[in-house]
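Here is what each chain is made of, one letter per residue.
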Amino acid sequence: MAKLLIFRGDAMHAEVELTDRTVRLGRSPQDDIVLPDPSKGVSRTHAEIRFEGGRYVLVDHQSQNGIWVAGSRVSSVALERDVVASIGPYRVRMEAPAAAEPARATGTQTEVIPRLDPLAGPPLTNDGRGPVKPAPRPRIPAPLNVPRWYGQPRWWAVMGAAAVLIAVSGFAVYRFAQPPPQPAFDLEAARAMVLGGNCQQAMIEHIEPALRANPNDATALDLRRTCTAPPPAPEPPVEPPVTPPPPTATQQLDEAEALIAANDCPKALEKINEVLATEPDNERGKGLAAQANACITPPPPAPRAAAEPLAVKRPPSEGGLDPLPKELQKDYQKRVDAMRARYDNAVSLLQKRAYVQAAREFEQLRKEVPTGYVELAQRLDAARNGIRDDARRSLDAARAAEERGEFDTAADAYRRAHELDSGIQVDLPLQRMADRKLQIGRRRCSEGQVEFSYGNNAAAVAAFQEVMKLLPQSEPCYAIARDRLAQLRK
Amino acid sequence: MNCKTVRVCLLVLAGLIPFESAGAQDTPDAWYGRQAKPKNIDRPRVIPGAFSIELPKDWQFVPGHAGTVFSIVEKTRQSQGGALITLEYLRLQAPLDPELIAGAGEREMKEVLAWELSGTQFTSQVKTGAIGPLIVIQYNRPGLSGGEDHVVQYSMPVGTTLYRLVCVAPAAALDKYRPVFAHVAASFTPVKPSGS
């Protein structure tokens, strides 16, 4: 009988007793011999083995990747001795000579077909799918009329035959123990297979044998690198969206209970409310709702004070302030910084001789800072001294202006001096200047009229203009000056 | 009160009486006033429509032109210096009110100072005459004969005309001419406009 041996890599995948029945090989479960191959190097019905002309022929069933023998793609191959055919990652070969008698295929891979007389031809079979075939000639001689072991004249012949049989069996066992012969490798064919996407077969049939023969074969190494490169990640299959059935009230309440246990009470309450919306009398739901409501309590205040240090007072001489009750250090620091900024601003004003503003700022600061704050007292004194100096300067300027007869300037300076230093009395100087203005205005009015009478109009105009500056409108001479000027302008 | 005390009081009162009498009297102005019975003053000379004035007798009268109305000069020997009186006038743009006379006096003084660069002892007074307030400016200046001349200028505003009566005499003989100048000045009388 013939046995088909199927290898995947170095491992035996299956051995199948062949009969005269055509056997189909492929990835499909409907095939007689299933060759699983997720990489789809094996087609669904890849090939079939026919018993033709007394031998088994492997025929390509229009598969995608075909049947490869000795590096060549073949449409069919007779499964002769030492012929190894590749189908995807699988290699098939016959255990016995291809001319072995066919056995009735069982359709399963593991079923052992009863061994027939090897020398006899296959029995006449008709499985209904083909013509009746003559039984093959038996391969093993017919049983001898074996005499008794002892005392028989030809016992040695029997023993000799047994020895031959043992030798043949031993040879057969030896052959099976040997790894299947490596097919001749063809790197060009391997390249074609690689390009065709059949890396696995190329590796098995050509690349690995080539590398065993010559580990430094550059072409084989290159092809192996190509094949061993990580393939792109296959896209996950898109599964149609499955709409789960709506959870039952019990399921929802179970989930809610779990959520309550996990302290996620608001979410639990949502689920409970969904149930109670449809089943208002659900007692379990009510109980869980009460639990959830009890669980939902405002979060305790963050232990901020405990996490952040309280303010540590800094000495006033370094710009420190008195900490407020329970004031945090960072808040205290902010307050200290802000106060220091104000102080620095006031110092800047002092340096710019803006004494009044500086003193005002320092006075305000003094109300808000502890005694001994930086150099506040000294700065305030400096600002006040500056104000007094300014007042004195303003008073001097007022007197000088008064002497020059610049009464308006003088009056402004007197008032400024008084504003800066209220101790400077300016009422008398201001009255004196008012009197002088009146006096001079009247005199100039007289002079203007005299000049006008004499016909010296230029001098008259100058005098009248002065009059209008010096005298109030209530003075009679003011009107005279105004009228004369109007007359002269004509 | 004893007799000695009464006597002292009476003496004090007796001393005060003549003092008060003297203060109460109008002291005659040496530089402006008519003489009661002038012997050397001619009859008044009238400028029609303008003024009348009494001038010294026997002095040489010279009619003026332009801004000078006239001049009158004392007749003397050639070697002797005599006195001179000149009347000038100035048309004003506007009448000088009496209250402005002080200012006008200052202005007159400025003008005098401006042209009399060698003059000394300048004085200015405002006097009130029959015609109203007038300005009297006096000063000395070097004379042509080598001595000092004394000048008295009477500035008399009359309406829109300012008359300047300038009297010049040797300073050494001033006492002789002062009454003459005072009379002539005081005799200046503007003619009142008809119908006024």
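Residues numbered from 1 in each chain as written. Chains lettered and ligands numbered in written order. Predicted model: local features only at pLDDT ≥ 70, side-chain atom pairs only at ≥ 80, totals over all residues.

Visitor: For this particular structure, what's the right way to read the overall build of chain A?
Guide: Scanning chain A from terminus to terminus reveals 15 helices and eleven strands. Looking at chain A as a whole, 29% of its 490 residues are labelled buried. (Helix = DSSP H or I, 4+ residues; strand = E, 2+ residues; numbered from the N terminus. Buried ≥ 20, exposed ≤ 12 C-beta atoms within 10 Å, placed from the backbone.)

Visitor: Sorry if this is basic, but what is going on with the overall build of chain B here?
Guide: The number of helices and strands found in chain B is three helices and ten strands. The order of helices and strands in chain B, counted from the N terminus, is α-β-β-β-β-β-α-β-β-β-β-α-β. When burial is assessed residue by residue, chain B has 27% of its 196 residues classed as buried. Considering only intrachain contacts with a sequence separation of at least 6, the fraction spanning at least 24 residues in chain B is 46%. (Contact = placed C-beta atoms within 7 Å.)

Visitor: For this particular structure, what's the right way to read the interface of chain A and chain B?
Guide: The parts lose accessible area when they come together, and the size of an interface is often stated as this lost area. Facing the eight residues of chain A at the interface are nine residues of chain B. Partitioned by chemical class, the residues of the side of chain A that touches chain B number three nonpolar, four polar and one charged. (Nonpolar A, V, L, I, M, F, W, Y, C, P; charged D, E, K, R; others polar.)

Visitor: Please clarify how the nonpolar core should be interpreted in this entry.
Guide: In globular proteins that are soluble, nonpolar side chains generally tend to be buried together. Within the largest apolar cluster, 37 residues are counted, with the highest numbers of intra-cluster contacts made by B:Leu165, B:Phe181 and B:Ala185. The set of elements that each furnish at least two residues to this core consists of helix 13 (427-454) of chain A together with strand 2 (51-53), strand 5 (84-91), helix 2 (101-115), strand 7 (132-142), strand 8 (148-158), strand 9 (161-170) and helix 3 (174-187) of chain B. Every residue in contact with B:Phe181, bar those within four places of it in the chain, is listed here: B:Trp31, B:Val152 and B:Cys167. Within the second largest apolar cluster, 25 residues are counted, among which are A:Leu25, A:Leu35, A:Tyr90 and A:Met94. (Core = buried A, V, L, I, M, F, W, Y, C linked by C-beta atoms within 7 Å.)

Visitor: Explain the pairing of strand 8 of chain B here, please?
Guide: Two faces, one strand: in a regular strand the side chains alternate between the faces of the sheet. All names here are of chain B. Most of strand 8 sits inside the fold, with nine of its eleven residues counted as buried. Of the pairings in the sheet, the one linking strand 7 to strand 8 comprises eight bridges and is antiparallel in character. Directly across from isoleucine 137, in strand 8, lies its bridge partner glutamine 153. If you look at the hairpin formed by strand 7 and strand 8, you'll find five residues sitting between the two strands, and glycine 146 has a positive phi there, around 105°. Judged from the ten bridges that link them, strand 8 and strand 9 form a sheet pairing that is antiparallel. When the bridges of strand 9 are listed, glutamine 153 appears paired with valine 166. Between strand 8 and strand 9, which pair antiparallel one after the other, the connecting turn spans two residues, and glycine 159 there sits at a positive phi close to 60°. (Pairing = 2+ DSSP bridges.)

Visitor: For this particular structure, what's the right way to read the pairing of strand 6 (residues 55-60) of chain A?
Guide: Residue and element names in this part refer to chain A. Going residue by residue along strand 6, you find Tyr56, Leu58 and Asp60 tucked away on one face and Arg55, Val57 and Val59 left uncovered on the opposite face. Pairing geometry for strand 5 (residues 47-52) and strand 6, over six bridges, is antiparallel. Across the sheet, alanine 47 pairs through a bridge with aspartate 60, a residue of strand 6. Between strand 5 and strand 6, which follow one another and run antiparallel, lie two residues, and glycine 53 among them has a positive phi close to 60°.

Visitor: Any chance you could explain the confidence of the model for chain A here in plain terms?
Guide: As a note on interpretation, predicted positions should not be read in detail where pLDDT is low. Residues and elements named next belong to chain A. For chain A, per-residue confidence averages 80 on the pLDDT scale, and residues scoring 70 or more make up 79% of the total. Taken element by element, the predicted model of chain A shows its lowest mean pLDDT in helix 8 (residues 304-307) (60) and its highest in helix 9 (residues 329-351) (95). Ignoring residues within four places in sequence, the model shows residues 98-151, a span with pLDDT below 50, making 89 contacts including any to other chains. (pLDDT = per-residue confidence, 0-100.)

Visitor: For this particular structure, what's the right way to read unusual backbone geometry?
Guide: The phi angle of most residues is negative, glycine excepted, and most peptide bonds adopt the trans form. Phi is positive for A:Arg353, which is not a glycine, with a value near 65°. Mapped onto the secondary structure, A:Arg353 falls in the loop between helix 9 and helix 10 (355-368). Located in the positive-phi region is B:Ala66, a residue other than glycine, with phi close to 55°. Considering the arrangement of structural elements, one finds B:Ala66 in the loop between strand 3 (60-63) and strand 4 (68-73). For B:Ala66, a count of 7 C-beta atoms within 10 Å corresponds to the exposed category.

Visitor: Please explain the packing of helix 13 of chain A against helix 14 (residues 457-470) of chain A as it appears in this structure.
Guide: Describing two packed helices takes the angle between their axes plus the distance from one axis to the other. All names here are of chain A. Between helix 13 and helix 14, the least distance of the axes is 8 Å, while the angle of their chain directions is 155°. Here helix 13 lies roughly antiparallel to helix 14, going by the angle between them. Two packed elements cross with a definite hand, and for helix 13 against helix 14 that hand is left-handed. Touching Lys437, Ile440, Gly441, Arg444, Cys445, Glu447, Gly448, Glu451 and Phe452 of helix 13 are Asn457, Ala459, Ala460, Ala463, Phe464, Glu466, Val467 and Leu470, all from helix 14. Grouping the constituent residues of the contact of helix 13 with helix 14 by class yields nine nonpolar, three polar and five charged. (Axes fitted to C-alpha atoms, helices over the stretch in contact; angles between N-to-C directions. Parallel < 35°, antiparallel > 145°, perpendicular 65-115°, else oblique. Left-handed = near helix turned anticlockwise from the far one by under 90°.)

Visitor: In this structure, what is going on with the packing of helix 2 (residues 187-195) of chain A against helix 3 (residues 199-213) of chain A? I would like to understand it.
Guide: Residues and elements named next belong to chain A. Contact geometry of helix 2 with helix 3 gives a least axis separation of 8 Å together with a crossing angle of 155°. Considering the angle they form, helix 2 stands roughly antiparallel to helix 3. Pair helix 2 / helix 3 crosses with left-handed handedness. Along the contact surface, helix 2 presents Leu187, Ala189, Ala190, Met193 and Val194, while helix 3 presents Cys199, Gln201, Ala202, His206, Ile207 and Ala210. Across the contact of helix 2 with helix 3, the residue classes break down as nine nonpolar, two polar and no charged.

Visitor: It is not clear to me how the sheet that holds strand 1 (residues 2-8) of chain A should be interpreted in this structure. Could you clarify?
Guide: Either a parallel or an antiparallel arrangement is found when strands of a sheet pair, and the pairing is made through backbone hydrogen bonds. All names here are of chain A. Strand order in the open sheet formed by six strands is 2-1-11-10-7-8, and the pairing between neighbours is antiparallel. The open sheet is flanked by strand 2 (11-18) and strand 8 (72-74), the only strands paired with a single partner. Strand-to-strand twist of the sheet, defined as the mean angle between neighbouring strand axes without regard to direction, takes the value 30°.

Visitor: So what exactly am I meant to see when it comes to helix 3 of chain A here?
Guide: A bend of about 35° at A:Ile207 is the largest found in helix 3 of chain A, and the proline A:Pro209 appears one to four places after it. Among the 15 residues that make up helix 3 of chain A, eleven are buried, leaving the element largely enclosed by the rest of the structure. (Bend = angle between axes of the 7 residues up to and from the residue.)

Visitor: Any chance you could explain the confidence of the model for chain B here in plain terms?
Guide: All names here are of chain B. Per-residue pLDDT for chain B averages 84, and the proportion of residues at 70 or more is 83%. In the predicted structure, residues 11-26 sits below a pLDDT of 50 and forms zero contacts with residues beyond four places in sequence or in another chain. Reported confidences for the modelled complex are a pTM of 0.45 and an ipTM of 0.80.

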